[in-house]
Each structure stands twice: as structure tokens, then as C-alpha cells.
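Fold and geometry: a report
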Amino acid sequence: MDTPIYYSKAEFIETDTGNKVSRRATIAGPQNIILGGKTIISSGAIIRGDLRRTGPGHAVVISLGRYCLVGEGCVMRCACFRFTEDTLRPPYKTYRGNFNYYPMKIGDHVHIGANSVVEAATIGNHVVIGKNCIIGKFTIIKDCAQVADNTVIPPNTVVPALALFSGSPGRFSEDLPESTQELVESQTKQYYTRFQPLDR
């Protein structure tokens, strides 16, 4: 077994389903966020679940699967925000005369690197997003895809399955092996197992 990654038990909240959420993470609108279990939300991460569609239905804004890791300083928000003069404001978007926010669904075994900003519509299973990445609004990342460190994926991009994207703007770099699913699943499970409280 690899070396444990220790954390202070006082800094994390552990749920009944094994989720470990840092007390230093900002979780806005927790009633609109689903964590599938055995997910780690690191210190400084910001998950914006506070804005959702008005009216009945669509209460879930952000859904994360099992064995996900949201790195330090990550920002995750539904495709509804933009920065304007240092203020976070939802852009004006209507559909059939109604103002809408769009939910984000993230699959199982997804690793999002530190300091990345994610505004994707969908991220599949067994996906790795590197450090310092920007994933544009309404992006769809298919199963077993990877995004290299420091990559900027433009809005509305579709990243195909078993593909590595890199660069700014992010473009196809190479095909990934068929074993990617097993490798990523093994890595996310090992990371969760290694993530141990220092003060038991």
C-alpha cells in the first residue's frame, strides 16, 4: 500500500456515505448538491449549488458520483455565472421566456485537479481533469477522457471518450488506452483509501 495522505480530523466533516468535506471548502446551496459517496472535497474548493432553476423540479444543481476528488482551490458552478467587475453575477439567459440555470452532472471516479474552474454540463465516469484547468460552460466530457494540466477547454466543447485534450485552447492530443477505466478507478479508490485522519 502507498504512503497515507494525512488530514486533520477536525478539518473535515465525514458523512454516513463516506464523503469527506473540508470545513475550509465553500459549499453554497448544499440542499441542491448531491455527493454520491466516498467523495473528497478539498480545502478552498468552492461548489456553487445556490442558484437553480425556478419553479417545480430541477432542484439538483450539481451532482457528483462516487469516488470523486475535488482538488484544493477548485471552483465548480453550474453554467450560469460570469465574473464582471469583481462581482459574480448570473448572465441573462432565457428559454421560452423563462430565466434558466443549467445543472451539472459529474460521474463516478472523477479527479479534478487543484485550482481548476469547472462549468461543464456533464462530466462522464473515470475522468481526470488536471491542475489549473478551465472547463468552459456547457462542455461535455465523455467517459474515460483526460484533460492535461493548464488546459483551457472552450465553452460548448465535446471531449470524446478515451481522448486526452491539452493546450489553450484545449485540443485533441492523443488517444488513451482501453485500460483507462481500470487505471482511473484504481487510482481514485487508492487515493480515498490513503486519505486518513492524522488524529484518530
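Residues numbered from 1 in each chain as written. Predicted model: local features only at pLDDT ≥ 70, side-chain atom pairs only at ≥ 80, totals over all residues. Heavy atoms only, no water.

1. A closer look at the nonpolar core
One recurring pattern in soluble globular proteins: nonpolar side chains tend to sit buried together. Membership of the largest hydrophobic core comes to 31 residues, with the highest contact counts inside it found for Met76, Ile106, Ile123, Ile129, Ile135 and Ile141. Listing elements by their share of this core, those giving two or more residues are strand E8 (62-66), strand E15 (104-106) and strand E25 (163-166). Those residues within four positions of Ile123 in sequence are excluded, and the remaining contacts are Lys105, Ile106, Gly107, Val110, Val118, Ile129 and Ile141. Formed by seven residues, the second largest nonpolar core is a distinct cluster that contains Phe12, Ile40, Leu69 and Phe195. (Core = buried A, V, L, I, M, F, W, Y, C linked by side-chain atoms within 4.5 Å. Buried < 20%, exposed > 50% of the residue type's maximum accessible area, 1.4 Å probe, protein only. Helix = DSSP H or I, 4+ residues; strand = E, 2+ residues; numbered from the N terminus. Contact = heavy atoms within 4.5 Å.)

2. Some words on the pattern of salt bridges
Inspection of every chain in the model, using the stated rule, returns two salt bridges. Asp50 is the salt-bridge partner of Arg48, the closest N and O atoms lying 2.6 Å from each other. Residue Asp50 is classed as partly exposed on the basis of its relative accessible area of 32%. Note that Lys189 is salt-bridged to Glu185, the shortest N-O span being 3.3 Å. With Lys189 and Glu185 both in helix H1 (residues 180-194), this residue pair falls four residues apart, about one helical turn. (Salt bridge = Lys/Arg side-chain N within 4 Å of Asp/Glu carboxyl O.)

3. Quick word on the sheet that holds strand E22 (residues 146-147)
What the nine strands build is an open sheet, ordered E2-E3-E6-E9-E16-E19-E22-E25-E26; its pairing is mixed. Each having just a single partner strand, strand E2 (12-14) and strand E26 (171-175) make up the two edges of the open sheet. As judged from the two bridges shared by strand E19 (residues 128-129) and E22, these two strands associate in the parallel manner. Considered in E22, the bridge of Ile129 is made with Val147. (Pairing = 2+ DSSP bridges.)

4. Regarding the environment of Ile34
Residue position: Ile34 is located in strand E5 (residues 33-37). When the C-alpha positions of Ile34 and Ile62 are compared, they lie 6.5 Å apart, and in sequence the two are 28 residues distant. Non-local contacts of Ile34, meaning those with residues more than four positions away in its chain, are made with Val60, Ile62, Ser63 and Leu64.

5. What about the sheet that holds strand E24 (residues 158-159)?
In spatial order, the strands read E5-E8-E15-E18-E21-E24; together these six strands make up an open sheet with parallel pairing. Two strands lie at the open edges of the sheet, namely E5 and E24, each paired on one side alone. Relative to strand E18 (residues 122-123), E15 runs parallel, the two sharing two bridges. Bridge pairing in E18 places Lys105 opposite Thr122.

6. Notes on unusual backbone geometry
Along the chain, Ser168 connects to Pro169 via a cis peptide bond; the corresponding omega equals 5 degrees. By secondary structure assignment, the location of Pro169 is in the loop between E25 and E26. The phi torsion at His109 lies on the positive side, around 55 degrees, for a residue other than glycine. Here His109 lies in the loop between E15 and strand E16 (111-112). The phi dihedral of Asn150 is positive, around 60 degrees, even though this residue is not glycine. Residue placement: Asn150 occurs in the loop between E22 and strand E23 (152-153).

7. Structural notes on the side chain of Thr151
Locating Thr151 in the fold gives a position in the loop between E22 and E23. Polar contacts involving the side chain of Thr151 include one to the main-chain amide nitrogen of Gly167, which spans 3.4 Å. (Polar contact = N/O pair within 3.5 Å; in protein donor to acceptor, adjacent residues only side chain to side chain.)

8. Digging into the packing of aromatic side chains
Scanning the model with the defined rule gives six aromatic pairs in all. Plain terms: the ring middles of Tyr7 and Phe12 are 4.8 Å apart, the flat faces sit at 65 degrees to each other, and that makes the pair edge-to-face. Judged by relative accessible area, Phe12 falls into the buried class, the value being 10%. For the ring pair Phe12 and Phe195, a centre distance of 5.3 Å and an interplane angle of 80 degrees mean the geometry is edge-to-face. Placement of Phe12 in strand E2 and of Phe195 in strand E27 (residues 195-197) is noted, with a sequence separation of 183 residues between them. Phe195 matches Phe12 in its accessibility class, with the two residues each being buried. Here a set of aromatic residues connected by ring pairs shows up, and it is made of Tyr7, Phe12, Tyr191 and Phe195. Across the ring face of Tyr192, the terminal group of Lys20 is positioned such that the distance to the ring centre comes to 4.7 Å. (Phe/Tyr/Trp six-rings, centres within 6.5 Å; stacked < 30°, edge-to-face > 60°. Lys NZ or Arg CZ within 6 Å of the ring centre and 35° of its normal.)

This is a description of form; function is not addressed.
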